[in-house]
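Architecture at a glance
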Amino acid sequence: MRETIRRKPLVLLALLATSVMTSSCNSESSPTPVPSGTIPKETGVGDEIVATIGQSSITRQQLLNQLLTSYGSQTLRGMMLQVAVSEEARSSGIDVTDEELEQELRLMKQGYEDDEQFYESMNEQLGMNREEVRADARYRLLLEKLSIRDITVTQSEVDEYLEQHREQFQPRAEYQWAQIVVQTSEQADGLLARLAEGEDFAELARGYSMDEFTAEDGGNVGWVEAEDPFEPPTVMDAVSRMQIGAITGPIPIDQGYVIVRLDGRKEIQTKTEEEVQREVRRQLALGKAVSTRELEQELLLKYRADVKDDSLR
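Conventions and cut-offs
- Residues numbered from 1 in each chain as written.
- Predicted model: local features only at pLDDT ≥ 70, side-chain atom pairs only at ≥ 80, totals over all residues.
- Heavy atoms only, no water.
- Core = buried A, V, L, I, M, F, W, Y, C linked by side-chain atoms within 4.5 Å.
- Buried < 20%, exposed > 50% of the residue type's maximum accessible area, 1.4 Å probe, protein only.
- Helix = DSSP H or I, 4+ residues; strand = E, 2+ residues; numbered from the N terminus.
- Contact = heavy atoms within 4.5 Å.
- Pairing = 2+ DSSP bridges.
- Axes fitted to C-alpha atoms, helices over the stretch in contact; angles between N-to-C directions.
- Salt bridge = Lys/Arg side-chain N within 4 Å of Asp/Glu carboxyl O.
- Expected span 1.5 Å × (residues − 1).
- Bend = angle between axes of the 7 residues up to and from the residue.
- pLDDT = per-residue confidence, 0-100.
- Phe/Tyr/Trp six-rings, centres within 6.5 Å; stacked < 30°, edge-to-face > 60°.

Time to look at the nonpolar core. Counting 25 residues, the largest nonpolar core has Val85, Leu105, Phe118, Val133 and Leu299 as the members making the most contacts within it. With seven residues, the single largest contributor to this core is helix α5 (residues 130-148). In contact with Leu299, not counting residues within four places along its chain, are Ala84, Val85, Glu88, Leu143 and Leu146. Ranked by size, the runner-up nonpolar core spans 15 residues in total, among them Trp177, Val181, Ile253 and Val258.

What follows is the structure, encoded as structure tokens:
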């Protein structure tokens, strides 16, 4: 089934900010035993009880120690990179405009029904709220601009790329459908007969569909691009030829058989020629640039990043 592209959060600022405030507090590295049915009085920020289990308690400092052990070095590196990238961008006169940020976010939101679903997904998958998603996107765009600032792409290179890949910039279709996945064609035929008699598609999906990702939502799959590689080709072929509101099946897939109801169809509008040229130039420049990892390491060295705590190296 369709899978969302997952992005790794840039930094865990809340973790490090909290750990700095409580770094002067000491505690044992293991949970503290407490008498059954009692919770010790709080004696300080670091000793504050944040959880209990059985006859043990876990303090805020113990939690922070574990988080620092697991994520401290990557979080600290991310914070230093934020400073280095900002300094380099300032000295180079490079910035990310609001328009560029919104365009990047629009690309990220493709395949989601609306802004709310997109940001909910980012929060569920990455633990990032709306502002953190926007800050991460802005950082990546800024780093990208720094990586290609001295790279030249000729018009002939752009024209050659477009000649070979013009189909990438054509309007793309999206479909919205609901589905019921069962093991056998006989089960599918039985459900199709009940649908023909007027039974509710969503109720049958909740009661019989094996697809745990869609069954609880009445079989709703959401909006999917026509070229989505995570959807079975047999389903995409059937959906592309259906009328909105139509039901078809059984369609064979790896998991068994599927019944599909098409709920919507739309096209993602093609970009203007100017936008296409700009996007191709950008992609060609990135192909010539050093990797993001290399650039980040160069900037850390340039701005003399120095981790004082050996445990965070």
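What follows continues from the structure just given.
Strand order in the open sheet made by the four strands is β5-β4-β7-β6, with antiparallel pairing throughout. A strand with exactly one partner marks an edge of an open sheet, and here the two such strands are β5 (220-225) and β6 (247-253). Each neighbouring strand pair of the sheet contributes to a mean axis angle of 40 degrees, computed without reference to strand direction. When strand β4 (residues 172-182) meets strand β7 (residues 256-268), the two strands line up antiparallel, connected through eleven bridges. From the neighbouring strand, Tyr175 faces β7, where its bridge partner is Arg265. Set on the sheet, helix α7 (residues 185-196) makes contact with β4, β6 and β7; between it and β6 the angle comes to about 170 degrees. Along the sheet, helix α8 (residues 201-208) makes contact with β4, β6 and β7, crossing β4 at roughly 55 degrees.

Bringing the pattern of salt bridges into the picture now. Per the stated rule, a full pass over the model turns up 22 salt bridges. A salt bridge links Lys145 to Glu100, with the shortest nitrogen-to-oxygen separation between them at 2.8 Å. Of this pair, Lys145 sits in helix α5 while Glu100 sits in helix α3 (residues 98-109), placing them 45 residues apart in sequence. For Asp136, the salt bridge identified is with Arg140, shortest N-O distance 3.3 Å. With Asp136 and Arg140 both in helix α5, this residue pair falls four residues apart, about one helical turn. Asp136 sits in the buried class, given a relative accessible area of 7%. In this structure Arg140 comes out as partly exposed when scored by relative accessible area, which is 25%.

What follows concerns helix α2 (residues 60-92). In a regular helix each residue adds 1.5 Å, so 33 residues correspond to 48 Å; α2 covers only 42 Å between its end C-alpha atoms and thus falls short of that length. Within α2, the axis deviates most sharply at Tyr71, by approximately 70 degrees. Gly93, located one to two residues past α2, shows a positive phi value of around 70 degrees.

Turning our attention to the confidence of the model for the protein. Per-residue confidence for the protein averages 83 on the pLDDT scale, and 84% of its residues sit at or above 70. Throughout residues 1-43 the model reports pLDDT below 50, and contacts reaching past four residues in sequence, or to other chains, amount to 79 contacts.

Turning our attention to the packing of aromatic side chains. Pairs of aromatic rings are described using the distance from one ring centre to the other and the angle between the two planes. Scanning all chains against the criterion turns up two aromatic pairs. Between Tyr112 and Phe118, the aromatic rings sit 5.3 Å apart at their centres with planes inclined by 75 degrees, giving edge-to-face as the arrangement. Using a relative accessible area of 13% as the deciding quantity, one classes Tyr112 as buried. The buried category is assigned to Phe118, whose relative accessible area is 1%.

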